Amino acid sequence: MKRKQIVAGNWKMNLNFKEGIKLASDVAKKLPLSDVLVVLGTPAIHLQAVNEVVKNFSGIKVAAQNCHQSEKGAYTGELSLDMIESVGAEYVILGHSERREYFKEDNAVLAKKVDAVLAKGLTPIFCCGEALPIRKKKKHVAHVKKQLQDSLFHLKPAQFSKIVIAYEPIWAIGTGVTATPEQAQEMHKAIRKMIATKYSSKVAEGISILYGGSVKPANAKSLFGQADVDGGLVGGASLKAADFIQVVQGFDQ
Ligand code: PGA
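These notes cover the structure that comes with them. What you see is a predicted model, and the numbers here were worked out from it, not measured in a lab. Per chain, residues are indexed from 1 in the order of the written sequence. Note on the predicted model: pLDDT of at least 70 is required for a residue's local features to be given, and 80 or more for side-chain atom pairs to be given and counted; whole-chain, interface and lining totals, by contrast, use all residues. Excluding hydrogens and water, the side-chain values take into account all heavy atoms of the structure.

Turning to helix α5 (residues 107-119), a few remarks are in order. Taking 1.5 Å per residue, 13 residues should reach 18 Å; α5 reaches 18 Å between its end C-alpha atoms and fits that length. Three labels apply to residues, based on accessible area from a 1.4 Å probe with only protein chains included: buried if under 20% of the type maximum, exposed if over 50%, partly exposed otherwise in between. Each helix is a run of H or I in the DSSP string that is no shorter than four residues. Each strand is a run of E no shorter than two, and both are numbered from the N terminus. The set of residues buried in α5 consists of N107, V109, L110, A111, K113, V114, A116, V117 and L118. Residue contacts follow a heavy-atom distance rule, with two residues in contact if any of their heavy atoms lie within 4.5 Å. Against α3 (81-86), β4 (91-94), α4 (97-102), β5 (123-128), α7 (140-151) and α8 (157-160) lie the buried residues of α5. Following α5 by one or two positions, G121 adopts a phi angle in the positive range, close to 80°. To estimate the expected span of a helix, subtract one from its residue number and multiply by 1.5 Å.

And the structure:
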């Protein structure tokens, strides 16, 4: 089975409304490529308008960068999945390392968010990855395994099959230091094996696993060329249309 190839941009807290619309329009003029799904992870306030820009392009979708796990209520400043869905977003990035670090999201709350996203019929892009001291101790595979076990492995196979995973080593995010294609491949293969052991090789073979951490035009091709790397989650290089387009073109068509 051919897995879905995905390049997701994560704009984080960048670009005002006008800049965001311009970027989305510039991207939509050149993309998508026939076999690659492009997802734009925009600030919440941009979601509806960016979706209007891209909705006629079947290969471009929008993603929220976070959500609250509750249906609704007194959670000042938070976004519910009903709100996210109502403006046309189909994807939700969950568990980004910045959410884990600055907003203290742990594996347990992420399990609830995953459930809530799936219950709404949307697709989680679930981020995992280790900090540098963990890699130095060669505990990176065990660390990622625990993140998956605690936040995803309670799902039934049919639910799990709807998830997209993004492996993002924290030491590579926004640092300009990219994991080598071999380091990415090693972890992606290990993640696929964990899924095969927990579920089945059929489920494991169907899951798209994206790499994130300083993906840029210069390294996209070698990363995406790895057998178990099915695309990227792209921060800095998603903020300029020309760079992002070149990253997507890193897939051999
Ligand atoms: P970066 O960010 O591409 O700027 O390293 C990736 C991410 O945080 O998703």
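Pairing between two strands requires that DSSP report at least two bridges joining them. Spatial strand order, β1-β2-β3-β4-β5-β6-β7-β8: eight strands in a closed barrel with parallel pairing. The average undirected angle you get between the axes of adjacent strands in this sheet is 25°. Between the N-to-C directions of two axes lies an angle of 0 to 180 degrees, each axis being a line fitted to C-alpha atoms and, for a helix, fitted only over the stretch in contact. On the sheet, helix α9 (residues 181-198) packs against β5, β6 (164-167) and β7 (209-212) and is oriented at approximately 150° with respect to β7.

Here the focus is empty space enclosed by the protein. Grid spacing is 1 Å over the protein atoms alone, the probe is 1.4 Å, and a cavity is where that probe fits but cannot get out, while a pocket is an open set with protein on both sides within 12 Å along at least five of seven lines and lining residues have an atom within 4 Å of a point. Grid points are joined across faces, edges and corners, and a volume is the space filled by probe spheres set on the points. Counted according to the given criterion, the structure contains one cavity of 30 Å³ or more. Within this model, the largest cavity holds a volume of roughly 50 Å³. Taken together, G95, H96, S97, R100, C127, C128, G129, Q147, E168, I170 and I173 form the lining of the largest cavity. Taken together, the elements giving at least two residues each to the lining of the largest cavity come down to α4 and β5. Grouping the constituent residues of the lining of the largest cavity by class yields four nonpolar, five polar and two charged. We call Asp, Glu, Lys and Arg charged. Ala, Val, Leu, Ile, Met, Phe, Trp, Tyr, Cys and Pro are nonpolar, and the rest, Gly among them, are polar.

This part covers the site of the ligand. Distances are taken per atom, and a residue is near a molecule or strand as soon as one of its heavy atoms is within 4 Å of it. Taken together, the neighbourhood of the ligand is formed by 13 residues, with K12, H96, E168, G174 and S214 sitting nearest. Here a polar contact is recorded for every N or O atom pair within 3.5 Å, except that within protein the pair must consist of a potential hydrogen donor and a potential acceptor, and residues adjacent in sequence are included only if both atoms are side-chain atoms. Residue K12 places a side-chain N or O atom 2.7 Å away from an oxygen atom belonging to the ligand. In the environment of the ligand, an oxygen atom lies 2.8 Å from a nitrogen or oxygen atom belonging to the backbone of G236. Protein contacts shield 95% of the accessible area of the ligand, which totals 280 Å² for the unbound molecule. When each cavity is represented as a set of grid points, the ligand is found to reside in the second largest pocket. The Shrake-Rupley method, run with a 1.4 Å probe sphere, supplies the accessible areas, and residue values consider only the shown protein chains as cover. Criterion for pocket placement: a molecule counts as inside a cavity or pocket if more than half of its atoms are within 2 Å of its grid points.

Quick look at the pairing of strand β2 (residues 36-41) now. The buried fraction of β2 amounts to six of the six residues, a majority that puts the element mostly inside the structure. Covered by surrounding structure in β2 are V36, V38 and L40 together with L37, V39 and G41, the residues of both alternating faces. Pairing between strand β1 (residues 5-10) and β2: six bridges, direction parallel. If you follow Q5 over to β2, its bridge partner there is V36. Clockwise travel from the first strand over the helix to the second, with the strands pointing away from the viewer, marks a crossover as right-handed. Once you follow β2 into helix α2 (residues 47-54) and on to strand β3 (residues 60-64), the crossover reads as right-handed.

Attention now goes to the packing of α7 against α9. As a packed pair, α7 and α9 sit with axes 10 Å apart at the nearest point and diverge in direction by 45°. Judged on the interaxial angle alone, α9 and α7 are oblique. Both α7 and α9 take part in a crossing whose hand is right-handed. Contact residues: H140, V141, V144, K145 and L148 in α7; E186, M187, A190, I191 and M194 in α9. Across the contact of α7 with α9, the residue classes tally to seven nonpolar, one polar and two charged. The labels follow the angle: roughly parallel below 35 degrees, roughly antiparallel above 145, roughly perpendicular from 65 to 115, and oblique for the rest. We call a crossing left-handed when the near helix sits turned anticlockwise from the far one by less than a right angle, and right-handed when that turn is clockwise.

This brings us to the pairing of β6. Side chains of β6 alternate between two faces, with V164 and A166 and I165 and Y167 buried alike. Pairing of β5 with β6, which is carried by four bridges, proceeds in the parallel orientation. Residue pairing across strands places F126 opposite I165, the latter belonging to β6. Both β6 and β7 contribute to a ladder of three bridges, which runs parallel. Considered in β7, the bridge of I165 is made with I209.

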